[in-house]
Each structure stands twice: as structure tokens, then as C-alpha cells.
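# Results of the structural survey
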Amino acid sequence: TDGPLNWIIGAFYNDSDSYGSSAEFTPGYAQFAGFDRPDNLEYFSQSRTELTESAVFGEVGYDITDKLSVTVGGRYYDYELKTFSAVDFPLFDPEFVAPSLGQIGSAETELSQADDGFLYKFNIAYDVTDDVLVYGTVSEGYRIGDSNGLGPCPEFDPNAT
């Protein structure tokens, strides 16, 4: 606005589904080592990720004087992440057949995480001169993690042999 009050409001939405694979070959090594792997495929990994996230956010700022202003804001977020990944070492497994991208893309996601919450922001700024601004901000943020490709481990039992 033209007065001491300013504001912003917005929304965010993301829906993505990605998948891929990686293969490494060691030409001639299988024959040299006596493995039955004519294609020399030594390593294969595959992954699929489904992510849906949304957020609404806003902030309000107020100029207390020509030199001093404050801002208060917040963000509500919600996300769900599902993932699948697998690794194989086909050099030691002559029966291994690398899946196609279509098969990887239709693989069921195995691991998941979800979260929602509210994040806040507070800022105060002071124009010391036309060339010098002093400010302080306290805020929260988040970054969605991902899976390391391993399934849940059994609970540790120190008495097990």
C-alpha cells in the first residue's frame, strides 16, 4: 500500500513423480575373472520418487517510522514423499536382467514420510543512513529429505546372539 503497511500472500503446490536408473559396465572383466556375464554389467541401481507438497504463506510489514520497520510472517506446509530404490551387482549374478524404465516407473514405492506444520518469521530493520541498513531476522524453514534406499531395520536386541 502507499501507507506504512505492506503485505504479501501466496500459495505453492508441487506434484512430481520421477524415476531412473544407472548402470556401470566393466568391459572384459567378467571374462577375465571367469564370471558368466557377457554384457559386463557390473552395477545397476534404480529409483522412483513420488512427492506431493503444498503450502500457503503470508507476511505483514509495518513501517513504524521512516527508518524503522518490522515484519511478521508465517507458512503452513504439508507434504508426502514416497520412494523406492534398489541396487544390484549383476556381475556376480548371471540371472540378473536389468528392468526397463517402464518397469521402474511402475514399481511400487516402499518407503514414505509425511509432515505438516507452521513456520514463522520475524524481522526488524533500521535505516541508519541512506547507505547503511541494520536488520535482524528470526525465521524457520524446512527441506524435505529423502530415503537412502534401505528398508526399515529390525529393532536392535542387545540380548540376541
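A short tour of the structure in this document, coming up.

About the criteria used
Per chain, the residues get numbers from 1 upward, laid out in the order the sequence is written. Only residues with pLDDT of at least 70 are given local features in this predicted model, and only at 80 or more are side-chain atom pairs given and counted; all residues enter the totals for whole chains, interfaces and linings. The side-chain figures draw on all heavy atoms in the structure; neither hydrogens nor water molecules are used. Every helix listed is a DSSP run of H or I at least four residues long, and every strand listed is a run of E at least two residues long, numbered separately from the N terminus. Atoms counted for the radius of gyration: C-alpha only. Globule rule: 2.2 Å times residue count to the power 0.38. Only protein chains enter the accessibility calculation, which uses a 1.4 Å probe; a residue is then buried when its area is under 20% of its type maximum, exposed when over 50%, and partly exposed in between. By definition in these notes, contact holds between two residues if any of their heavy atoms fall within 4.5 Å. Computed by Shrake-Rupley with a 1.4 Å probe, the accessible areas treat only the displayed protein chains as cover when residues are assessed. In this tally Asp and Glu are treated as negative and Lys and Arg as positive; neither His nor the chain ends contributes. Taken as the charge centre is NZ of Lys, CZ of Arg, CG of Asp or CD of Glu, depending on the residue. In summary, the pairing rule links any two rings of Phe, Tyr or Trp, Trp by its six-membered ring, whose centres are within 6.5 Å, and it sorts them by plane angle into stacked for under 30 degrees, edge-to-face for over 60 and tilted for everything else. Only one rule defines a salt bridge in this text: a Lys or Arg side-chain nitrogen within 4 Å of an Asp or Glu carboxyl oxygen.

### Considering the overall build of the chain
Looking only at helices and strands, the chain features 2 helices and 5 strands. When the elements of the chain are put in sequence order from the N terminus, they spell out β-α-β-β-α-β-β. The C-alpha atoms of the chain give a radius of gyration of 26 Å, which is well past the 15 Å a tight globule of 161 residues would have. Projected onto its principal axes, the C-alpha coordinates of the chain cover approximately 80 × 45 × 30 Å. Counting across all 161 residues of the chain, residues that qualify as buried make up 23%. When contacts within the chain are restricted to residue pairs at least 6 apart in sequence, those whose partners lie at least 24 apart make up 71%. Accessible area for the chain stands at about 11400 Å²; split by element, carbon and sulfur atoms hold 54% of it. Here the chain holds 7 positive side-chain charges and 28 negative ones, and the gap between their average locations is 5 Å.

### Here's the deal with unusual backbone geometry
Even without being glycine, asparagine 40 reaches a positive phi, approximately 60°. Looking at where asparagine 40 falls in the secondary structure, it is placed in the loop between helix H1 (29–33) and strand S2 (41–63). The buried category is assigned to asparagine 40, whose relative accessible area is 11%.

### Quick word on the packing of aromatic side chains
Counting across every chain of the model gives 5 aromatic pairs. Between phenylalanine 35 and phenylalanine 92, the ring centres sit 5.1 Å apart and the planes meet at 85°, which makes this aromatic pair edge-to-face. A residue pair is termed long-range when its members are at least 10 positions apart, and phenylalanine 35 in the loop between H1 and S2 and phenylalanine 92 in the loop between strand S3 (68–88) and helix H2 (101–105) qualify at 57 residues. You can call phenylalanine 35 partly exposed: its relative accessible area is 29%. Arranged with centres 5.7 Å apart and planes meeting at 55°, the rings of phenylalanine 44 and phenylalanine 96 form a pair that is tilted. Here phenylalanine 96 lies in the loop between S3 and H2 and phenylalanine 44 lies in strand S2, a separation of 52 residues in the sequence. On the accessibility criterion, phenylalanine 44 (5% relative accessible area) is buried. Taking the relative accessible area as the measure of exposure, phenylalanine 96 reaches 13% and is therefore buried. Ring pairing ties together the aromatic residues Tyr29, Phe32, Phe35 and Phe92, which thus form one cluster.

### Notes on the side chain of glutamine 46
Following the sequence through the fold, glutamine 46 ends up in strand S2. Take glutamine 46: its relative accessible area is 15%, and that puts it in the buried class. Not counting the four nearest positions on each side in its chain, glutamine 46 is found in contact with Gly20, Ser21, Phe84, Ser85, Ala86, Pro99 and Ile104.

### Quick word on the pattern of salt bridges
With the rule as written, the count across this model stands at 5 salt bridges. Measuring nitrogen to oxygen at the nearest pair gives 2.9 Å for the salt bridge that ties aspartate 17 to arginine 48. Of the two residues, aspartate 17 sits in strand S1 (residues 5–25) while arginine 48 sits in strand S2, which places them 31 residues apart along the sequence. Note on aspartate 17: relative accessible area 43%, which makes it partly exposed. Judged by relative accessible area, which is 11%, arginine 48 ranks as buried. The residue lysine 82 makes a salt bridge to glutamate 80 at a minimum N-O spacing of 4.0 Å. In the salt-bridge network here, residues are joined through shared partners; they are Asp17, Arg48 and Glu50.

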